[in-house]
Amino acid sequence: RGLDPPKCMASLQPNVRSARSAALCMQKTAAWWRSLNVSVTELAKSCKEASAVHAGKKRSCDSAQTTYEATFCSYRTQLTESCPMHDQCRTSAAAEQQQVQAKVKVAEASRKVQYIAATHIECYLDVLTARPEQQLALLKTCPSLQVSTSQLSVTYHEVPQGAACDVSSVALRPCQEPWLQARYKGEKWHSGAPTIACTPCDCSTFDCPTHYMLKADASSIPGNSVGQCC
């Protein structure tokens, strides 16, 4: 190994009898020290550069973690708020559809009656304008005239099946122990690159149990428990 000292250093005891061997050992030792100084200097430089890279990467990872937790909280808020809004909007639209269809059905029936009446009127007008010898025969056909109104029929669609709004993916919140275990602590990299302190969602997104309500200033309180938020 390049940084191992000369073996003679272990038994170096300068005296008159071993002056020559001692001098040779000291020369080797001096050369070793010079080499060691260069190697240590280079290693120190490399260590400093690697430490700077590591520190920069750690800052980047820490920032990404904080952003991830804040983004998760934001997504959770939007999803849990959007689902009830979606259900309410769909219910309202379905009711409006029924009201519109009821009005259209009345209008459809009226138009069909008008069309049948107009067709019979045309038949009687044809009688009036026909030659005298044809009028009686034409008149007998008018009362029994079969009039098709299929071209005036309207198709009424049923309310389509609604899409399920699934909030199970955000059932757990940042900083709750199961959430930390699933996303950080349970990963192989965590032991070598532990995360910084988790930033919890503010209490405005916390679901208080029955008979509890959020604190008035919930949006300014970071928390994940009933005691903190409700």
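Scroll up a little and you will see the structure.
1. A short note on helix α3 (residues 177–185)
Thinking step 1. Residues Trp179, Leu180 and Tyr184 constitute the buried set of α3. Along α3, the residues classed as buried sweep out an arc of 95° about the axis, all on the same side.

2. Observations concerning the state of the cysteines
Thinking step 1. Tallied over the entire structure, the rule returns four disulfides.
Thinking step 2. Paired through a disulfide, Cys73 and Cys201 show a sulfur-sulfur distance of 1.9 Å. On the sign convention where negative means left-handed, the S-S torsion of about -90° between Cys73 and Cys201 marks this disulfide as left-handed. In this pair, Cys73 is assigned in helix α1 (residues 19–129) and Cys201 in the loop between α3 and α4 (226–229), connecting sequence segments 128 residues apart. Just as Cys73 is buried, Cys201 falls in that class too.
Thinking step 3. Across a sulfur-sulfur distance of 2.1 Å, Cys175 and Cys198 are joined as a disulfide pair.

3. Brief notes about the layout of surface pockets
Thinking step 1. Space inside the largest pocket adds up to approximately 240 Å³.
Thinking step 2. Around the largest pocket sit His54, Lys57, Lys58, Cys61, Asp62, Gln65, Trp189, Gly192, Ala193, Pro194, Thr195 and Ile196, which together line it.
Thinking step 3. Of the residues contributing to the lining of the largest pocket, the split by class is five nonpolar, four polar and three charged.

Each value, and the rule that gives it
Residues numbered from 1 in each chain as written. Predicted model: local features only at pLDDT ≥ 70, side-chain atom pairs only at ≥ 80, totals over all residues. Heavy atoms only, no water. Buried < 20%, exposed > 50% of the residue type's maximum accessible area, 1.4 Å probe, protein only. Helix = DSSP H or I, 4+ residues; strand = E, 2+ residues; numbered from the N terminus. Arc of directions from axis to C-beta. Disulfide = S-S within 2.5 Å. 1 Å grid on protein atoms, 1.4 Å probe; cavity = no way out; pocket = protein on both sides within 12 Å on 5 of 7 lines; lining within 4 Å. Points joined across faces, edges and corners; volume = space filled by probe spheres on them. Nonpolar A, V, L, I, M, F, W, Y, C, P; charged D, E, K, R; others polar.

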